[in-house]
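Structure assessment
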Amino acid sequence: MTAIAENIQRIKASLPEGVELCAVSKFHPVEALREAYDAGQRTFGESRVQELLAKIPEMPTDVCWHFIGHLQTNKLRQIIGRAAMIESVDSERLLRLIDSESERAGTVTRVLMQLHVAAEETKFGFTPDELTEFFSRHGFESLKATHICGVMGMATNTDDEARIAEDFRLIHSTFKKIRSEIAPDLRGFDIVSMGMSGDYPLAIECGSTLVRVGTGIFGERQY
Ligand SMILES: *Cc1c(COP(=O)(O)O)cnc(C)c1O
């Protein structure tokens, strides 16, 4: 068995029922993705539009591609109908554009709303207050071709486990508040995407349902 296949088997065996694995394949060659595919992996995460578009035709058609990076609106049209899910919706403008482009293309795009709880200023996303405010303002009947499936977030990049856990709990409590109090009628709002190679076991303890693991599967990225 290859190292990639072993990593996938080990990680999958450690996931509780109801927690899915997104294999983050950005910066890794298609050969590595094929090894993961042959080990049974079907969901892959990419963060750059050009790289995603180059990999799609090289991989079997039953791969489920998740876009996880900051999406520039001028590149959005190219991935509509190709990415099964956009995990990184970080503005209302982007959400509206995804909806209009999806409608135009005759498809429905599944999305997650990105929360920013980490200490780093450079990260994208809504603060918990902005996101709850956003959901309380909208009934979402205006979205015609977008399915909001949940939230995505990242913890602060630190060795301090208490801080990481605090970030994950805030992502999860924001999700729960939206689901139970603010938008209880929103159907299929049930994904909490959090946890990467270094912190996914902790993320699962804090309520993650989708972990995004790159290095832990494919090794270090060559930028
Ligand atoms: C790169 C990336 C990951 C994977 O990170 P690893 O530490 O390699 O597991 C997860 N989520 C997002 C949003 C990323 O950009």
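In this text, all values refer to a predicted model and were calculated from it rather than measured experimentally.

1. Comments concerning the pattern of salt bridges
- Counted by the stated rule, this structure contains 11 salt bridges.
- Residues joined by salt bridges that share partners form a network here, namely Glu46, Arg48, Glu51 and Lys55.

2. Focus: helix α5 (residues 92-105)
- Between its first and last C-alpha, α5 extends 20 Å over 14 residues, near the 20 Å set by a 1.5 Å rise per residue.
- Every buried residue of α5 is accounted for by Leu94, Leu95, Ile98, Asp99, Glu101 and Ser102.
- Buried residues along α5 sit against α4 (73-79), β4 (85-89), β5 (109-116), α6 (128-137) and β6 (146-154).
- Where α5 terminates, the next one or two residues include Gly106, which has phi positive at roughly 70 degrees.

3. Section: the state of the cysteines
- Scanning the entire structure with this criterion turns up 0 disulfides.
- Cys64 supplies the cysteine sulfur nearest to Cys22, a cysteine that is in no disulfide, at a spacing of 8.4 Å.

4. Details of the packing of aromatic side chains
- What the rule picks out here adds up to 6 aromatic pairs.
- Seen in terms of ring centroids, Phe44 and Trp65 are 5.9 Å apart; in terms of plane orientation they differ by 40 degrees. Their pairing is tilted. Taken together, the residues span a long stretch of sequence, with Phe44 in strand β2 (residues 43-46) and Trp65 in strand β3 (residues 64-67) at a distance of 21 residues.
- Note on Phe175 and Phe189: the rings are 5.3 Å apart at their centroids and 25 degrees apart in plane angle, and the pair reads as stacked. With Phe175 in helix α7 (residues 161-182) and Phe189 in the loop between α7 and β7 (191-193), this residue pair connects regions lying 14 residues apart in the sequence.
- Residue classification places Phe189 among the buried positions, given a relative accessible area of 2%.
- Three or more aromatic residues joined by ring pairs form one cluster here, namely Phe126, Phe134, Phe135, Phe175 and Phe189.
- Lying over the aromatic face of Tyr37, Arg42 brings its terminal NZ or CZ to 3.5 Å of the ring centre.
- Residue placement shows Arg48 over the ring face of Phe27; its charged tip is 4.0 Å from the ring centre.

Procedures and definitions
- Residues numbered from 1 in each chain as written.
- Predicted model: local features only at pLDDT ≥ 70, side-chain atom pairs only at ≥ 80, totals over all residues.
- Heavy atoms only, no water.
- Salt bridge = Lys/Arg side-chain N within 4 Å of Asp/Glu carboxyl O.
- Helix = DSSP H or I, 4+ residues; strand = E, 2+ residues; numbered from the N terminus.
- Expected span 1.5 Å × (residues − 1).
- Buried < 20%, exposed > 50% of the residue type's maximum accessible area, 1.4 Å probe, protein only.
- Contact = heavy atoms within 4.5 Å.
- Disulfide = S-S within 2.5 Å.
- Phe/Tyr/Trp six-rings, centres within 6.5 Å; stacked < 30°, edge-to-face > 60°.
- Lys NZ or Arg CZ within 6 Å of the ring centre and 35° of its normal.

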